[in-house]
Every structure is written in structure tokens, then in C-alpha cells.
Amino acid sequence: MNDTRTQPNTFALTTPLYYVNGLPHIGSAYTTIAADAIARFQKLRGRSVLLITGTDEHGQKIQRSAIDAGRSPQERCDEIAGKFQDLWQQLGIQYDRFSRTTAPRHEAIVKEFFGRVWDRGDIYLGQQTGWYCVACEEFKEKRDLLEGGQCPLHPNQTAEWRDERNYFFALSKYQERLEDLYQKQPDFIQPEIRRNEVLSFVKGGLQDFSISRVNLDWGFPVPGDPDHTLYVWFDALLGYVTALLDSTDEPTLENAIARWWPINLHLIGKDILRFHAVYWPAMLMSADLPLPDRVFGHGFLTKNGQKMSKTLGNIVDPVELVEKYGSDAVRYYFLKEIEFGKDGDFNETRFINILNADLANDLGNLLNRTLKMAQKYCGGKVPKVNPEELECEHPLKTIGLCLGERVAAAYESLAFHQACEETLILVRSCNKFLDDRAPWTLYKKGEQQAVEEVLYVVLESVRLAAYLLCAIVPGLSTAIYQQLGFEIDFDDPSTWKDLSFDLHGSWGKLDGDRTFSKPSPVFARLEMPETP
RNA sequence: UGCAGCGUAGCUUAAAGGUAAAGCACCAAGCUCAUAACUUGGUCGAUGCGGGUUCAACUCCCGCCGCUGUAACCA
């Protein structure tokens, strides 16, 4: 699949287009934080990156929630989409495209795509019969209904027998080609457990699925048959394509796929795996478009070991969390403390403990204690030491020299927790090293050269750690770099010419004689709340 | 019920046949350059239970228990 790629040095990735039937929740934030970290890392690796996020705005549920809020659907969507954008801003998400499925040019793309699939003969008018829950606006399997025939989500509603004409997509035609895809591209679906799920689902036999509804206004009309409205999924997935258009482009498929297609990575929650790993590639095959490289379905979050739900009232509000602890803290906790791909837990005590231990104590305090010594012992400058002249088996140099590649490999495989853990090994070793060499004692003994060597080696190690973590905690990395005298802001590319891995990602790059700014803590310890 | 996966110290994770590690939390000592920090040491487990294969099993096999996901239109 990759041989069709005209620009091998580009990397396009997506979060889901989030459904706007409510305010952004922590799960959306989790996906988006991870996507942003990947995007930032890929940029450091020298690739041109396009990070796509956005909102999915059609469907009955949206329409209803708009009415409940006393708004028109579009007003309601505008409002919620704005909330998503606000949250991404607070979390330091540097997205390139915010794709909204109600955008007029999205309709043009959907129409054209529908036409291609239609011409292929993969769309047909069929009869859909079954039990329909009006509250859900969905067909239900009989076995999913309660004994009296009510929908389990709406026990006061008895499901109705419906017999309606809908348009169907001929998914069943793609069974073999999909199985072939999973076989030839084993990492198309990750992690392994998700892949197995999809394999067994597909193996069970694929049925065509309906892509239109009759009793639905809030959506695009089916091209050529305005009595029908396209069902959300068909147009939502295509939001990824529309997102690729430049603002000045005519909205055509050809323009959309000119530069960034195919997508390198779809990052999703495991709940929407089937749509991305089965329906989506089949739709693309039908339209004769190249397929994405991989789909990664991460796990779900719990709070204190319990499922989050509105009825339990134990929802973690991402806005509240960022306002309370800051974006670096939130980003670090979710990427460091949860193995990406598996389910993970949010626990406020653990949150505070881990941030204090790793970022305030181990890393932040390390920089602070070292800089203060350099200020007192070396006149406020980074000591001038040639790292190449250090002994080969120098404990920090040894770790530092192979760290960059180890961490890069971890990022490549989306193992954020491992990237952090590897980096912390260096940080912890620095603290041990300082205790071992005791530069404060060396200074009293007048061993100036030894002092300088120790301090340089530690400062360089902190610098490298900050660099390797900058995709995860850009604010903290910026603070560290600025303390070290760099005028670099990891959030603002105009402040740096070249921050590539080659220049910053390996040990021994810090230049001596650099004047640093007045030392002050870069990450304040977090306080435990009164009532945990 | 079928299929898939998981079960290691209070918590989060290592160890893909060869003396069971690390971080957090807790306790003690040391140090004083530092954000009550850091360092060292300690407490804590015979890896869910029961069998089997092997000189040797957290690791492979069988059974059981427990948890999770999934079994068609859930953003």
C-alpha cells in the first residue's frame, strides 16, 4: 500500500471526529493528547505532519439535544464544537485541521464519494425490517430487547416493528479482500487484542449495512433520493477526507487526496473499532482509494477502578482537571501511567503522587539543584566541558548515548509509558550521580575542574530528558530549555530553527559557556486536595 | 453459552524455561547543592487455584476460579 505514497516524509494522523451530543469528556481528551504527542514526535523526526481532529455533527441525537437546549441543531453544534476547540487549546493540542461534518464542502466530498461507490454497484435500495427503538433511533436485535420487548436503554419504550426501505452498502462483497488485507498488513489493526476481535468478527461473515434513514432530517440527503438521509457513519468517516482539503481547494476527492492521502494512523477508542477497521477500509476499496496504514484502538478509562457514567456521577471533567493541575500534568499522567492500548485508571492520589515524584522531585528538583550549584560554583554559566573527552564508561554518558534511539523506538510503537520510563532512568541516575560525586564537597576542596565536569554532565542529561519528553510535556520542556538559556518554546516553531532529533536527540549536544537564567522551580509540587 | 484476552508485592508495571525486578506508597538512616528535595537501607510476594511436561515453569500444556472485551449498525 505504501508504494503509492508520493511523499514518504509526510505523516497524517487522525483522532475520531467526536460526536457532539455532549461536552467533551475525558476519553476524547485522552485520544487527542496521545495524537498530539505522536504528531509532535513525528515533527521532531523531520516529517511533515498533519493532525486531524474535529466533530461529527449529524444524526437524530444531535437534533434532539439541540431541541432540548432550545437551539437550532447548527447553533448547538457550533456551541459544542467551540467547547472542543477550547479544550484542545487548554491542553496544548496543535491540530492542523478541525473537520466538521456539517461543513458545506464536506457535503460535496460525501456526494462525490457516494457517487463512486454507487457507480461501483455497491449501494442498493433494500428493505430493513426489525425492532426499532424510537428513543435510540436504531434497529435492535430481538435478543437485545427486554422480555416485554422494551429497549434496555429505554425501558419505558416498547420497540416498534419497522419495515422500511433503506440504502445499503454491500459490505459482504468485501469479506475476502478484507481478510486478505488483515493477512498482508498484520499491523493494520493494533494492538493485537483489537486485531483478534476484528478477525473473529469478519470471520463470522459480513452482512451489508444500512447507510440511510427515512425519519431523519439532520444530515445530508442521499444523492438522487432526498427522501432518505445518509446515516451518520457514512458521512462521519469521510470527514477525514474532507479535512485534507486546503481552505482554497475546490472540494473534490482528487484535491483532497493529493498530498496527505492515505492516512498513516487513525487513533481511536476501542468502541469504534469496527467502523474503522472493517467498514471504512471496505468503503475505500469500493471507491478505489488507497487504505490507511494503521488503526490503533486504545483502551478505556475508569475512575478509581469504576466505570465512569453520568448516573454514577463519577465523570472526570477534563476542563476541571486542566484548570486545576495544568496541561503538562494531565498529559503526563495519562501517557505515562497508562499503558497505551490497555484500559487505565484515573485516581487523583496516584495522579498527584506520580507527578510530584517524577516531574517535581526527580526532574524539576534535579535541574534546580544543579543550576543553583552552577550559579554558585561556575558563575552562572554552563561549565565548558567537552563531552567527548569524558571517560567511555561514564555512568551518565553511557545511559545518555543510547537513550535517544530507545525512546524514539518507544514513540514509534506508541509506547508512551515506555518512553517516559526510559527517560526517567537517566534522570534518576543523575540524582544518584550527584550524591555519589558530591560536587558541593569537591567545591570546598577546591577541585574546580571536577565540579564543572559533574555539573555539565548532569545539565546535559536534564536537557536531553527535557527534549525527549517534549512531545508529552511541552510546557515543562520549554521551561527547562529556557532555564538552560535557550530561547526556545516547544509550542512555537517560530522560536526554533531546528529542533530535530539529530541535533537535540542525543547526548552531548549542550554547549558550554552558555549563560542560563536565574534558577527557579520548573514544576511546582502539587498539593493533595483536602478531601480525597 | 461461543470466541478472545487478562490474573506477579497495597497500587502501576518488568522479567517471552535458568537465583522473581523497578517505580509509587509506607518506615528508618544518611546528606545538605535542591521544590520537606535527594541518596541508602528496610517492610511487603514463594507470580489466582489444582494438576502435568522439564534437571529447571511467572513463562509451555490441561482443568478450575475470578475479571474484562466481544457476539452487526454503540462516536
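Residues numbered from 1 in each chain as written. Chains lettered and ligands numbered in written order. Predicted model: local features only at pLDDT ≥ 70, side-chain atom pairs only at ≥ 80, totals over all residues. Heavy atoms only, no water.

Q: Now, about the overall build of chain A: what can you tell me, with residues and values included?
A: Per the secondary structure count, chain A includes 18 helices and 18 strands. For 532 residues, the compact-globule formula gives about 24 Å, and the C-alpha radius of gyration of chain A, at 27 Å, lands near that figure. Expressed as lengths along the three principal axes of its C-alpha atoms, the size of chain A is roughly 90 × 55 × 40 Å. By residue count, 55% of the 532 residues in chain A fall in the buried class. For chain A, the share of sequence-separated contacts (at least 6 apart) that also reach a separation of at least 24 residues comes to 77%. Here chain A carries 58 positive and 75 negative side-chain charges, and the mean point of each set is 3 Å from the other. (Helix = DSSP H or I, 4+ residues; strand = E, 2+ residues; numbered from the N terminus. Rg over C-alpha atoms; globule rule 2.2 N^0.38 Å. Buried < 20%, exposed > 50% of the residue type's maximum accessible area, 1.4 Å probe, protein only. Contact = heavy atoms within 4.5 Å. Lys, Arg positive; Asp, Glu negative; His and termini not counted. Charge placed at Lys NZ, Arg CZ, Asp CG, Glu CD.)

Q: Account for the domain arrangement of chain A, with residues named and values stated.
A: For chain A, the domain assignment lists domain 1 (10-298) and domain 2 (348-495). Here the C-alpha centroids of domain 1 and domain 2 sit 43 Å apart. Tallying the contact residues gives 14 residues for domain 1 and 13 residues for domain 2. Carbon and sulfur atoms make up 59% of the area that domain 1 and domain 2 hide from each other, which totals about 1200 Å². Looking at the side of domain 1 facing domain 2, the largest losses of area belong to Arg 40, Phe 41 and Leu 44, adding up to 43% of the total buried there. (Domains from an automatic or database assignment. Buried area = accessible area lost by both parts, 1.4 Å probe.)

Q: Quick rundown of helix α6 (residues 192-203)? Include the residues and the values.
A: Compared with an ideal rise of 1.5 Å per residue, which puts 12 residues at 16 Å, α6 spans 16 Å between its outermost C-alpha atoms and is within 8% of the ideal. Those residues of α6 lying buried are Arg 194, Arg 195, Val 198 and Val 202. Down the axis of α6, the smallest arc covering the buried residues is 100°, so these residues share one side. Relative to its buried face, α6 has exposed residues pointing more than 90 degrees away, namely Glu 192 and Lys 203. Just beyond α6, the residue with positive phi is Gly 205, at close to 100°. (Expected span 1.5 Å × (residues − 1). Arc of directions from axis to C-beta.)

Q: Can you explain unusual backbone geometry? Please cite residues and give values.
A: Following Gln 190, the chain continues into Pro 191 via a peptide bond in cis, with omega recorded as -10°. On the secondary structure map, Pro 191 appears in the loop between β9 (189-190) and α6. Residue Pro 262 follows Trp 261 across a cis peptide bond; omega there is -5°. You can see Pro 262 is positioned in the loop between α8 (253-256) and β14 (265-269). Phi at Ala 438 is positive, roughly 45°, even though this residue is not glycine. You can see Ala 438 is positioned in the loop between α14 (416-437) and α15 (439-444). Positive phi, close to 75°, is recorded for Asp 513, a residue that is not glycine.

Q: Pulling in residues and values, what's your account of the environment of Phe 114?
A: Tracing the backbone shows Phe 114 in helix α4 (residues 104-119). Among all residues touching Phe 114, those that are not within four sequence positions of it are Ile 123, Ile 211, Val 222, Pro 223, Leu 230 and Phe 234.

Q: Can you tell me about the nonpolar core, naming the residues and giving the values?
A: Generally speaking, a soluble globular protein has its nonpolar side chains buried in company with each other. Counting 114 residues, the largest nonpolar core has Phe 334, Phe 351 and Phe 416 as the members making the most contacts within it. Counting residues per element, this core draws most heavily on helix α12 (residues 348-378), at 14 residues. Viewed by domain, this core spans two of them, domain 1 (10-298) and domain 2 (348-495), each represented by three or more residues. Excluding residues that lie within four positions of it along the chain, Phe 351 makes contacts with Tyr 325, Ala 329, Val 330, Tyr 333, Phe 346 and Leu 526. (Core = buried A, V, L, I, M, F, W, Y, C linked by side-chain atoms within 4.5 Å.)

Q: Would you mind going over helix α7 (residues 232-242) in detail, with residue names and values included?
A: With 10 of 11 residues buried, α7 is to be regarded as a mostly interior element. Turning to α7, its buried residues number three or more, namely Val 232, Phe 234, Asp 235, Ala 236, Leu 237, Leu 238, Gly 239, Tyr 240, Val 241 and Thr 242.

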